Amino acid sequence: LTLLLAILLTSVARPGPGSAGLRAVILGYTSLGLLTMWSGTFLTLVVLWVMLDLGAFVYVIRLAPDAATARQGVRHLGVEALGEMLVVGAAVVGASAGAVAMGDESLPDAAVFLLAGGVLLRLGLLPLQFSWTSHAQIRRGLGTMLRLVPPATGLVVLSRQFGDGVPEPLRLWRVVAGGLG
């Protein structure tokens, strides 16, 4: 919500006329981000992440000034889709153990590992040095929202999942990831 307020308040200082349609898109994207943060099951999380990613993809492709920027958008969508597939895998593994919600105590370690991998892809930690486009028109306003809302939802998922600590099988991977970072 703070990001939404900052974008709306600074939009008056940007050159060019602001449109009500753009403000509606910003409000809608923020609403999707909040719904994603409140999702309690794997499948609602994946559906909302797909909606966020497709919205960002359409925006970047629509404003892409050249083919290189469009390719970056396609690569970014592919990485995000891989993360979503890992979360779907976590849902399948969790459902086989009888766990539907992300915070279930009966959630197997494999499902937690897949969920963490999907979130790490969403955060941009894997693959390293992968970034969004640096095109100036995409970086302002809604572009800022597109860059910050998906990682914020991933951080919320991680904090909810690991609120009681990291499971024993994942501690070694956490140390390895910390050493690489």
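Our subject is the structure listed above.
Residues numbered from 1 in each chain as written. Predicted model: local features only at pLDDT ≥ 70, side-chain atom pairs only at ≥ 80, totals over all residues. Heavy atoms only, no water.

A.B. asks: Help me out: how do you make sense of the overall build of the protein chain in this one?
C.D. replies: Helix and strand counts for the protein chain come out as 8 helices and 0 strands. Ordered by position from N to C terminus, the α and β elements of the protein chain give α-α-α-α-α-α-α-α. Taken over 181 residues, the protein chain has a buried fraction of 34%. Look at the contacts in the protein chain between residues 6 or more apart in sequence, and 73% of them connect residues 24 or more apart. (Helix = DSSP H or I, 4+ residues; strand = E, 2+ residues; numbered from the N terminus. Buried < 20%, exposed > 50% of the residue type's maximum accessible area, 1.4 Å probe, protein only. Contact = heavy atoms within 4.5 Å.)

A.B. asks: Is there a simple way to explain the packing of aromatic side chains in this structure?
C.D. replies: Two aromatic rings are characterised by how far apart their centres lie and by the angle between their planes. A full pass over the atoms with the stated rule returns 0 aromatic pairs. A cation over a ring is seen here: Arg122 above Trp49, with NZ or CZ 4.1 Å from the ring centre. (Phe/Tyr/Trp six-rings, centres within 6.5 Å; stacked < 30°, edge-to-face > 60°. Lys NZ or Arg CZ within 6 Å of the ring centre and 35° of its normal.)

A.B. asks: I keep staring at the nonpolar core and nothing clicks. Help me out?
C.D. replies: A general tendency of soluble globular proteins is for nonpolar side chains to be buried together. Grouped together as the largest cluster of nonpolar side chains are 30 residues, with contacts concentrated most on Phe42, Leu115 and Met145. Where this core is concerned, the elements lending two or more residues are helix H1 (2–10), helix H2 (20–38), helix H3 (42–63), helix H4 (67–96), helix H5 (109–123) and helix H7 (142–161). No other element matches the 9 residues that H3 contributes to this core. In contact with Met145, not counting residues within four places along its chain, are Leu3, Leu4, Ile7, Ile26, Tyr29, Thr30 and Pro150. (Core = buried A, V, L, I, M, F, W, Y, C linked by side-chain atoms within 4.5 Å.)

A.B. asks: Is there a simple way to explain the environment of Leu158 in this structure?
C.D. replies: Here Leu158 lies in helix H7. Considering only alpha carbons, one finds Leu158 and Val112, 46 residues apart in sequence, at a separation of 9.8 Å. Among all residues touching Leu158, those that are not within four sequence positions of it are Ala116, Val119 and Leu123.

A.B. asks: Help me out: how do you make sense of the side chain of Thr69 in this one?
C.D. replies: Examined against the element boundaries, Thr69 turns out to sit in helix H4. Under the relative-accessibility criterion, Thr69 is labelled buried at 7%. A distance of 2.6 Å separates polar atoms of two side chains, one belonging to Thr69 and the other to Asp66. (Polar contact = N/O pair within 3.5 Å; in protein donor to acceptor, adjacent residues only side chain to side chain.)

A.B. asks: Teacher, can you tell me more about H5 here?
C.D. replies: The α-helix advances 3.6 residues per turn, and as a result positions three or four apart in sequence lie on the same side. Taking 1.5 Å of rise per residue, 15 residues should cover 21 Å, and H5 covers 21 Å from first to last C-alpha, within 8% of that figure. Every buried residue of H5 is accounted for by Ala111, Val112, Leu115, Ala116, Gly117, Gly118, Val119, Leu121 and Arg122. Phi turns positive one or two residues past the end of H5, at Gly124, with a value near 85°. (Expected span 1.5 Å × (residues − 1).)

A.B. asks: Quick question: what am I supposed to make of the pattern of salt bridges here?
C.D. replies: Side chains that differ in sign of charge can pair as their charged atoms come close. Counted by the stated rule, this structure contains 3 salt bridges. Asp53 is the partner of Arg122 in a salt bridge, and the nearest nitrogen-oxygen pair spans 2.7 Å. You can see Arg122 sitting in helix H5 and its partner Asp53 sitting in helix H3, a full 69 residues away along the chain. Comparing Arg122 with Asp53, the two get one shared label, buried. Between Glu80 and Arg122 there is a salt bridge, and its shortest N-O distance comes to 3.1 Å. Remark: Arg122 occurs in helix H5 and Glu80 occurs in helix H4; sequence separation between them is 42 residues. (Salt bridge = Lys/Arg side-chain N within 4 Å of Asp/Glu carboxyl O.)

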